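Letter by letter, the chains look like this.
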Amino acid sequence: MRRLLAVAIVLLSALPAPALAVDPPYEGQMEKLAQMLGSLYFLNPLCRSAATDWRQQMADLVRLDQADEDRTQRLYGAFNAGYVAYARLYRTCTPSAEEALARLLIEAEANARDIHTHYAE
């Protein structure tokens, strides 16, 4: 039995390891942008008429980036975390929520522009 187990271990160790995808250098910025889009998705309709569909913007971003399944899940996880973070704080539009919305819009635009400037082909 031990010999069979030893042979199985040797055979399994000889198999090539599955290839792991390498994240692009802008992955951290993409996850931060996804988190901001989730926050905007919550705050925008709370304080303004929802002219921009931030969830659709997120879907377009993931589609255009051609993220693999793992990255897609992480990006949508960041989006959901951004949504939940503000949903815990605000039930109505307050001056603080309006300020957060304004800052998020500026920061998200700067982040998206930075990603595009440095990494777009």
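Above this text sits the structure in question.
What counts, and at which threshold
- Residues numbered from 1 in each chain as written.
- Predicted model: local features only at pLDDT ≥ 70, side-chain atom pairs only at ≥ 80, totals over all residues.
- Heavy atoms only, no water.
- Phe/Tyr/Trp six-rings, centres within 6.5 Å; stacked < 30°, edge-to-face > 60°.
- Helix = DSSP H or I, 4+ residues; strand = E, 2+ residues; numbered from the N terminus.
- Buried < 20%, exposed > 50% of the residue type's maximum accessible area, 1.4 Å probe, protein only.
- 1 Å grid on protein atoms, 1.4 Å probe; cavity = no way out; pocket = protein on both sides within 12 Å on 5 of 7 lines; lining within 4 Å.
- Points joined across faces, edges and corners; volume = space filled by probe spheres on them.
- Nonpolar A, V, L, I, M, F, W, Y, C, P; charged D, E, K, R; others polar.
- Axes fitted to C-alpha atoms, helices over the stretch in contact; angles between N-to-C directions.
- Parallel < 35°, antiparallel > 145°, perpendicular 65-115°, else oblique.
- Left-handed = near helix turned anticlockwise from the far one by under 90°.
- Contact = heavy atoms within 4.5 Å.
- Disulfide = S-S within 2.5 Å.

J.: Give me the packing of aromatic side chains: which residues, what numbers.
T.: Taken as a whole, this structure holds five aromatic pairs when the rule is applied. Judged by centre distance (5.8 Å) and plane angle (45 degrees), the rings of Tyr41 and Tyr83 are tilted. Here Tyr41, found in helix α2 (residues 27-47), pairs with Tyr83, found in helix α4 (residues 69-87); they are 42 residues apart in sequence, far enough to count as distant. The exposure class assigned to Tyr41 is partly exposed, which follows from its relative accessible area of 24%. Taking 5.3 Å as the distance between ring centres and 85 degrees as the angle between the ring planes, the aromatic pair formed by Phe42 and Tyr83 counts as edge-to-face. Here the residue Phe42 occupies a position in helix α2, and Tyr83 occupies one in helix α4, the gap between them amounting to 41 residues. Under the relative-accessibility criterion, Phe42 is labelled buried at 13%. The class of Tyr83 is partly exposed, set by a relative accessible area of 31%. Among the aromatic residues, those joined into a cluster by ring pairs are Tyr41, Phe42, Phe79 and Tyr83.

J.: Report on the layout of surface pockets, specifying residues and quantitative values.
T.: By volume, the largest pocket amounts to about 630 Å³. For the largest pocket, the lining is made up of 22 residues, of which Leu33, Leu61, Ala112, Ile115 and His116 are closest to its centre. Among the secondary structure elements, those contributing two or more residues to the lining of the largest pocket are α2, α3 (54-65) and α5 (95-119). Per-element tally for the lining of the largest pocket: the top contributor is α5, with eight residues. By residue class, the composition of the lining of the largest pocket is 15 nonpolar, three polar and four charged.

J.: A description of unusual backbone geometry should follow, citing residues and the corresponding values.
T.: Even without being a glycine, Gln66 presents a positive backbone phi close to 55 degrees. By secondary structure assignment, the location of Gln66 is in the loop between α3 and α4.

J.: If you had to explain the packing of α2 against α3 to someone new, which residues and values would you point to?
T.: Interhelical geometry of α2 versus α3 gives an angle of 160 degrees and a closest axis separation of 8 Å. Our classification of the angle between α2 and α3 gives roughly antiparallel. At the point where α2 passes α3, the crossing takes the left-handed sense. Note on element contacts: α3 touches α2 through Trp54, Arg55, Met58, Leu61 and Asp65, opposite Met30, Leu33, Ala34, Leu37, Leu40, Tyr41 and Asn44.

J.: Describe in detail the state of the cysteines, supporting the description with residues and values.
T.: Throughout the structure, instances matching the rule amount to one disulfide. Each sulfur in the disulfide pair Cys47 and Cys93 lies 2.1 Å from the other. Taking the sign of the torsion about the S-S bond as the criterion, the disulfide between Cys47 and Cys93, at about 110 degrees, is right-handed. Remark: Cys93 occurs in the loop between α4 and α5 and Cys47 occurs in helix α2; sequence separation between them is 46 residues. Classification of Cys47 as buried rests on a relative accessible area of 18%. On the accessibility criterion, Cys93 (29% relative accessible area) is partly exposed.

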